[in-house]
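Chain residues, written in single-letter form:
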Amino acid sequence: MLFGISVAWFPFGGWATSVFGHPIAGLQVQKPLYTYRDESEFNCFNPNLPNITIYATGGTIAGSASSAVQTTGYQAGALGIQALIDAVPQLCNVCNVRGVQVVNTDSTNMNSTMLLELSHQIQNDLDSAYTQGVVVTHGTDTLEETAFFLDLTIDSEKPVVVTGSMRPATAISADGPMNLLSSATLAGSESARGRGVMIVLNDRIGSARFMSKSNANQLDAFQSADGGFLGGFVNIKPVFFYPPARPLGHHHFDVRDISQWRRGEDGKLPQVDVLYAHQELNVGLFQAAIDLGAKGIVLAGLGAGYWTEAGSDEISRALQESDSDIPVIVSRRPGWGFASSNGLEGIGAGFLNPQKARIQLQLALETGLETESIRAIFEHHGVH
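Residues numbered from 1 in each chain as written. Predicted model: local features only at pLDDT ≥ 70, side-chain atom pairs only at ≥ 80, totals over all residues. Heavy atoms only, no water.

(A) Geometry of the pattern of salt bridges. A full pass over the atoms with the stated rule returns ten salt bridges. With its nearest N and O atoms 3.8 Å apart, the salt bridge here joins Arg98 to Asp125. Of this pair, Arg98 sits in strand 2 (residues 96-105) while Asp125 sits in helix 3 (residues 112-126), and the two are 27 residues apart along the sequence. Across the pair, exposure class does not vary: Arg98 and Asp125 are buried alike. Salt bridges linked by common partners bring Glu41, Arg98 and Asp125 together as one network. (Salt bridge = Lys/Arg side-chain N within 4 Å of Asp/Glu carboxyl O. Helix = DSSP H or I, 4+ residues; strand = E, 2+ residues; numbered from the N terminus. Buried < 20%, exposed > 50% of the residue type's maximum accessible area, 1.4 Å probe, protein only.)

This is how it looks when you write it as structure tokens:
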């Protein structure tokens, strides 16, 4: 079964092996953009509809289970992009769609090399006059991190929409098809321009900066308590609450000149670790992170970003004795809220949760920013 529909409905052609075989291990390089002039690049083509590219990375939306009622323990990234497109023929009613399989994996395996490749492909795509918008399909476990990375690195007014699903493609009442159709409609909408990267699940539209996965299982897992939703869908058509705007504190990082990412392990962004606060936390973990190669550290602090007294003393000692400048970003353990440095030798993350603060710090380090410049990005809440 695929999206609750018998796979017998789908033509088993040359794509069968890639759809039902093992997840793609490496990155796949997209064809040159000049091929967009060829209508055969699209699954369907209507000159009156926008051209939308769907970049697939795997995840639950491409997941397959042994039973139509199985919603955990399935294989993520089992289906290829062509199967996802074929399962939603209504896509041809809203856009000219073509698919690009970047990777096909569980989102827990996504890394900065993959993110840089994805950003690079999307930027090239959006720079073309032949593309009006982009959709990214992704596993939900790290979807918010990828979406935020793209929001910080892509420079375009055109819509970029990241979506996924909470149920695998084989489940009864799978949510993937509607999420994909809604996302493609949004990516082709003029009203979606100038809003940065958006996340779409469960009929909600949210900013990549503020939307976060708040539940491990339920369909309404993605919420945006601090920033609120940007809008929703009525009969798959996007309805926005506000005019186009970028969130305060947004900073663009130009990664187009980064060439190292093409060379495997050397292409990863600087290592940034996240340490989680709790009662009786092990104060030695901060020094251990430095010893293991961390170039920056994010603290998931108690409440609004607090750390234990013994832990704070250990952080001060480790930073004073370190031979290098180690930026420390102070975030919070609760799902929502504002975190400042609270007297720690660090930089307040503001409204960024630990995983998003980590992404922004990685990019800041990669682009060569010094600690005070990093502080200005995290603690200045205007657009710059």
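Having seen it, we continue.
(B) Spatial organisation of the state of the cysteines. On inspection of all chains with the given rule, the structure shows one disulfide. Between the sulfur of Cys44 and that of Cys92 lies a disulfide, 2.1 Å long from S to S. Judged by the sign of its S-S torsion, about -100°, the bond between Cys44 and Cys92 is left-handed. Linking Cys44 in the loop between helix 1 (16-20) and strand 1 (51-58) with Cys92 in the loop between helix 2 (81-86) and strand 2, this pair joins segments that are 48 residues apart in sequence. Of the residues examined, Cys44 reaches a relative accessible area of 16% and is grouped as buried. Exposure remark for Cys92: the relative accessible area of 32% places this residue in the partly exposed category. In this model Cys95 remains outside any disulfide bridge; the closest cysteine sulfur is found in Cys44, 6.7 Å from its own. (Disulfide = S-S within 2.5 Å.)

(C) Inspection of the nonpolar core at higher detail. By size, the foremost hydrophobic cluster in this structure holds 49 residues, and its most contacted members are Ile122, Leu150 and Ile329. Elements represented by at least two residues in this core include exactly strand 2, helix 3, strand 3 (133-137), helix 4 (143-153), strand 4 (160-163), strand 5 (197-201), helix 8 (354-366) and helix 9 (371-379). Excluding its chain neighbours within four sequence positions, the residues that come into contact with Ile122 are Tyr55, Val134, Val136, Leu150, Ile154 and Val160. The next biggest cluster of nonpolar side chains, apart from the first, holds 32 residues, and it includes Ala56, Ala87, Cys95 and Ile205. (Core = buried A, V, L, I, M, F, W, Y, C linked by side-chain atoms within 4.5 Å. Contact = heavy atoms within 4.5 Å.)

(D) Here's a closer look at helix 9. Buried residues of helix 9: Thr371, Ile374, Ile377 and Phe378, and no others. The buried residues of helix 9 occupy an angular sector of 120° when the element is viewed end-on, so they sit on one face. Taken together, the buried residues of helix 9 touch strand 13 (328-332), strand 14 (347-348) and helix 8. (Arc of directions from axis to C-beta.)

(E) Representation of the packing of helix 8 against helix 9 within the structure. Running from N to C, helix 8 and helix 9 point in directions that differ by 145°, and their axes come no closer than 11 Å. Crossing angle aside, the handedness with which helix 8 passes helix 9 is right-handed. Residues Ala357, Gln360, Leu361, Ala364 and Leu365 of helix 8 touch helix 9, and the partners they reach there are Ile374, Ile377 and Phe378. Looking at the contact of helix 8 with helix 9, its residues break down into seven nonpolar, one polar and no charged. (Axes fitted to C-alpha atoms, helices over the stretch in contact; angles between N-to-C directions. Left-handed = near helix turned anticlockwise from the far one by under 90°. Nonpolar A, V, L, I, M, F, W, Y, C, P; charged D, E, K, R; others polar.)

(F) Local environment of the sheet that holds strand 13. A sheet is described by the order of its strands in space; here four strands give the open sequence 11-12-13-14, paired in parallel fashion. Both outer strands of the open sheet, strand 11 (272-276) and strand 14, are each paired with one neighbouring strand and no more. Across five bridges, the pairing between strand 12 (residues 296-301) and strand 13 is parallel. Counted as the bridge partner of Gly301 is Arg332 from strand 13. This element, helix 8, spans strand 11, strand 12 and strand 13 of the sheet and lies at about 165° to strand 12. (Pairing = 2+ DSSP bridges.)

(G) Broad picture of the environment of Arg332. When you line up the elements, Arg332 lands in strand 13. The exposure class assigned to Arg332 is buried, which follows from its relative accessible area of 3%. Linking Arg332 and Tyr306, residues 26 residues apart in sequence, is a C-alpha distance of 7.7 Å. A polar contact of 3.1 Å, which involves the side chain of Arg332, links it to the backbone oxygen of Gly337. Separated by 2.9 Å, the side chain of Arg332 and the backbone oxygen of Phe351 make a polar contact. (Polar contact = N/O pair within 3.5 Å; in protein donor to acceptor, adjacent residues only side chain to side chain.)

(H) Up close: the side chain of Gln123. Within the fold, Gln123 resides in helix 3. The class for Gln123 is buried, based on a relative accessible area of 2%. Reaching out from Gln123, the side chain makes a polar contact with the backbone nitrogen of Asp155 at a distance of 2.8 Å. Apart from residues no more than four positions distant in its own chain, Gln123 is found in contact with Thr153, Ile154, Asp155 and Arg256.

(I) A look at the packing of aromatic side chains. Across all of its chains, the model carries three aromatic pairs by this definition. A ring pair is formed by Phe241 and Tyr242, whose centres lie 6.1 Å apart and whose planes are at 85°; its orientation type is edge-to-face. Judged by its relative accessible area of 48%, Phe241 is partly exposed. Considering the side-chain rings of Phe338 and Phe351, the 5.1 Å spacing of their centres and the 75° angle between planes classify their relative orientation as edge-to-face. (Phe/Tyr/Trp six-rings, centres within 6.5 Å; stacked < 30°, edge-to-face > 60°.)

(J) Here's a closer look at helix 4. In terms of burial, helix 4 is a largely internal element, eleven of the eleven residues being buried. Three or more residues of helix 4 are buried, namely Leu143, Glu144, Glu145, Thr146, Ala147, Phe148, Phe149, Leu150, Asp151, Leu152 and Thr153.

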